[in-house]
Amino acid sequence: LVTVIVSALCIAGWARLVSERRSQVRAMAELTASQSQRAISEGVGEYVVALRNLARLWSTLGVKPREDWRTNAEVLIESFPALVYVAWIHPDGRRDLVATSHSESRAEIENGENQSDHESLVGPERDDSGAIGFRVLLPVRSGHAQLGGLAARVDAQRLLAEVLQQWAPGYASRVRWE
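**Describing the sheet that holds strand S2 (residues 95-100)**
Then comes step 1: Taken in spatial order, the five strands line up as S2-S1-S5-S4-S3 in an open sheet, and their pairing is antiparallel. Both outer strands of the open sheet, S2 and strand S3 (120-126), are each paired with one neighbouring strand and no more. Pairs of neighbouring strands in the sheet enclose a mean axial angle of 25°, with direction left out of account.
Then comes step 2: Judged from the six bridges that link them, strand S1 (residues 83-89) and strand S5 (residues 145-155) form a sheet pairing that is antiparallel. Bridged to Tyr85 within S5 is Arg153.
Then comes step 3: Set on the sheet, helix H1 (residues 2-61) makes contact with S1, S2, S3, strand S4 (132-142) and S5; between it and S4 the angle comes to about 30°.

**Focus on a nonpolar patch on the surface**
Then comes step 1: A cluster of nonpolar side chains, contributed by Leu1, Ile5 and Leu9, occupies part of the molecular surface with about 380 Å² of accessible area.
Then comes step 2: Relative to the helices and strands, Leu9 is located in helix H1.

**Description of helix H2 (residues 66-79)**
Then comes step 1: Across its 14 residues, H2 extends 20 Å between first and last C-alpha, which sits within 8% of the 20 Å expected from 1.5 Å per residue.
Then comes step 2: Considering bend angle alone, the principal kink of H2 is centred on Asn72 and spans about 25°.
Then comes step 3: For H2, the set of buried residues is Trp69, Ala73, Leu76 and Ile77.
Then comes step 4: Tucked into the core, H2 has its buried residues touching H1, S1 and S2.

**With respect to the packing of aromatic side chains**
In this description, a pair of aromatic rings is defined by centroid distance and the angle of the planes.
Then comes step 1: For the structure on display, the rule yields four aromatic pairs.
Then comes step 2: With 4.5 Å between their ring centres and 15° between their planes, Trp58 and Trp69 make a pair best called stacked. With Trp58 in helix H1 and Trp69 in helix H2, this pair connects stretches of sequence that are 11 residues apart.
Then comes step 3: A residue is classified by how much of its surface remains accessible, and Trp69, at 1% relative accessible area, is buried.
Then comes step 4: Residues Trp69 and Trp88 carry aromatic rings whose centres are separated by 4.6 Å and whose planes lie at 50° to one another, so their mutual orientation is tilted. Of this pair, Trp69 sits in helix H2 while Trp88 sits in strand S1, and the two are 19 residues apart along the sequence.
Then comes step 5: By relative accessible area, which is 3% here, Trp88 ends up buried.
Then comes step 6: Through a chain of ring-to-ring contacts, three or more aromatic side chains come together here, namely Trp58, Trp69 and Trp88.

**As for the pairing of S2**
Then comes step 1: With five of six residues buried, S2 lies mostly within the body of the structure.
Then comes step 2: As defined by bridge partners, S1 adjoins S2 across five bridges and the pair is classed as antiparallel. When the bridges of S2 are listed, Tyr85 appears paired with Thr100.
Then comes step 3: Here S1 folds back onto S2, and the loop between the two strands holds five residues, one of which, Gly93, carries a positive phi near 100°.

**Examining the environment of His118**
Then comes step 1: Within the element layout of this structure, His118 appears in the loop between helix H3 (106-110) and S3.
Then comes step 2: Remark: the alpha-carbon pair of His118 and Val140, spanning 22 residues in sequence, is separated by 9.3 Å.

**Brief notes about H1**
Then comes step 1: When the terminal C-alpha atoms of H1 are compared, their 88 Å separation across 60 residues agrees well with the 88 Å that a helix rising 1.5 Å per residue should span.
Then comes step 2: Looking one or two residues past H1, Gly62 carries a phi angle of roughly 80°, positive in sign.

**Considering the packing of H1 against H2**
What describes two packed helices is the angle between their axes and the distance between those same axes.
Then comes step 1: With their axes 11 Å apart at the nearest point, H1 and H2 run at an angle of 170° to one another. When the axes of H1 and H2 are compared, the pair comes out roughly antiparallel. Across the interface between the two elements, Ala50, Leu51, Leu54, Leu57, Trp58 and Leu61 from H1 touch Trp69, Asn72, Ala73 and Leu76 from H2.
Then comes step 2: Its residues assigned to classes, the contact of H1 with H2 shows nine nonpolar, one polar and no charged.

What counts, and at which threshold
- Residues numbered from 1 in each chain as written.
- Predicted model: local features only at pLDDT ≥ 70, side-chain atom pairs only at ≥ 80, totals over all residues.
- Heavy atoms only, no water.
- Pairing = 2+ DSSP bridges.
- Helix = DSSP H or I, 4+ residues; strand = E, 2+ residues; numbered from the N terminus.
- Axes fitted to C-alpha atoms, helices over the stretch in contact; angles between N-to-C directions.
- Contact = heavy atoms within 4.5 Å.
- Patch = residues over 30% accessible without salt bridge, like charges linked within 9 Å, V, L, I, M, F, W, Y side chains within 5 Å.
- Areas by Shrake-Rupley, 256 points an atom, 1.4 Å probe, with all protein chains shown as cover.
- Salt bridge = Lys/Arg side-chain N within 4 Å of Asp/Glu carboxyl O.
- Expected span 1.5 Å × (residues − 1).
- Bend = angle between axes of the 7 residues up to and from the residue.
- Buried < 20%, exposed > 50% of the residue type's maximum accessible area, 1.4 Å probe, protein only.
- Phe/Tyr/Trp six-rings, centres within 6.5 Å; stacked < 30°, edge-to-face > 60°.
- Parallel < 35°, antiparallel > 145°, perpendicular 65-115°, else oblique.
- Nonpolar A, V, L, I, M, F, W, Y, C, P; charged D, E, K, R; others polar.

The following block contains the structure:
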């Protein structure tokens with residue numbers, strides 16, 4: 001009888017320890033997910049701020065040949081590895097590729113929203129290769145005059161890899177796009 005009681009107490013104690021451990025693991029996973037979500041939002045925000053700064057520079061310089069803008073755009077792409085391309089949107093909707101991180105298809109850059117009169121974040125969306133990303137569209141103005149716009153594409157997989165490597169290096173993360 002004593003053996004049965006002691007065994008029952010041991011099993012109940014073990015079950016409680018397992019339950020507490022599961023609760024701790026769940027709480028830690030939720031905390032990591034919350035921190036990762038915040039870090040991803042901040043990462044996207046950093047890209048948008050950098051692109052806004054480039055748009056302000058272009059606004060200050062005025063309309064120039066794209067070769068004059070290329071160096072600044074290339075430095076930005078080098079500093080932000082998930083940035084795929086930076087393009088100029090003319091007021092009539094034509095686009096000129098200013099800089100790219102790799103050989104980007106001209107058709108993919110020309111497709112999509114051409115409005116450059118308001119800021120917008122478009123996506124998530126797949127490009128021609130099937131990669132998921134988002135586009136940033138920013139107006140470039142000088143005073144009240146609309147000069148054109150800046151269009152940029154950010155590769156979501158590279159952005160997530162960059163951000164999550166810092167915040168959740170030991171976790172396997174699954175990201176779904178709905």
